[in-house]
Amino acid sequence: QVELVESGGGLVQAGDSLRLSCAASGRTFSSYAMGWFRQAPGKEREFVAAIRRRGGITYYADSVKGRFTISRDNAVNTVYLQMNSLQPEDTAVYSCATSTHSPSGLRSLRSYDSWGQGTQVTVSS
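Below you will find a few notes about this structure. None of the values given here were measured: they were computed from a predicted structure. (Residues numbered from 1 in each chain as written. Predicted model: local features only at pLDDT ≥ 70, side-chain atom pairs only at ≥ 80, totals over all residues. Heavy atoms only, no water.)

The full count for this structure, using the stated rule, is one disulfide. Across the disulfide from Cys-22 sits Cys-96; the S-S distance is 2.0 Å. Residues Cys-22 and Cys-96 are joined by a disulfide whose S-S torsion is about 65°; by sign, that bridge is right-handed. Of this pair, Cys-22 sits in strand E3 (residues 18-24) while Cys-96 sits in strand E9 (residues 92-99), and the two are 74 residues apart along the sequence. You'll find Cys-22 and Cys-96 in the same group, each marked buried. (Disulfide = S-S within 2.5 Å. Helix = DSSP H or I, 4+ residues; strand = E, 2+ residues; numbered from the N terminus. Buried < 20%, exposed > 50% of the residue type's maximum accessible area, 1.4 Å probe, protein only.)

On to the sheet that holds strand E2 (residues 10-13). Strand order in the open sheet made by the six strands is E2-E10-E9-E4-E5-E6, with mixed pairing throughout. Two strands bound the open sheet, and with one partner strand each, they are E2 and strand E6 (58-60). Going across the sheet, the axis of each strand differs from the next one's by a mean of 25°, ignoring polarity. (Pairing = 2+ DSSP bridges. Axes fitted to C-alpha atoms, helices over the stretch in contact; angles between N-to-C directions.)

Taking burial as the measure, the six residues of strand E8 (residues 78-83) include five buried ones, the bulk of the element. Both E3 and E8 contribute to a ladder of six bridges, which runs antiparallel. In the strand pairing of E8, Arg-19 is matched with Gln-82. Sheet analysis places strand E7 (residues 68-73) next to E8, joined by six bridges and oriented antiparallel. Its bridge partner lying in E8, Arg-72 is registered against Val-79. Hairpin connection of E7 to E8: four residues between the antiparallel strands, including Asn-77 at a positive phi of 55°.

Okay, structure coming up:
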């Protein structure tokens, strides 16, 4: 089991940027694909971005493509989500998660095993 701790959330204005971090415990971080999901009040958790184990291939939800960038540093067991041009509709709790499933399933909630507690991102208009 991997322990994940997110950080970097906060209250920003529309158009601002934030960089989220997700630190993982253990020595097997590089064996997991990683994903970011978000959940807004009253809505279901939704896929935001994912990155394969070695970081070469990434996936994005259409709603964030071109604005958000996922990256990872396996040397420090951390995955990042750089969020630019934030909009009020990006307001949500953002969580990271690990996956050992096929890359074809990385957009699906069911492909993820361990989850962090999440970090709140609030974007004011």
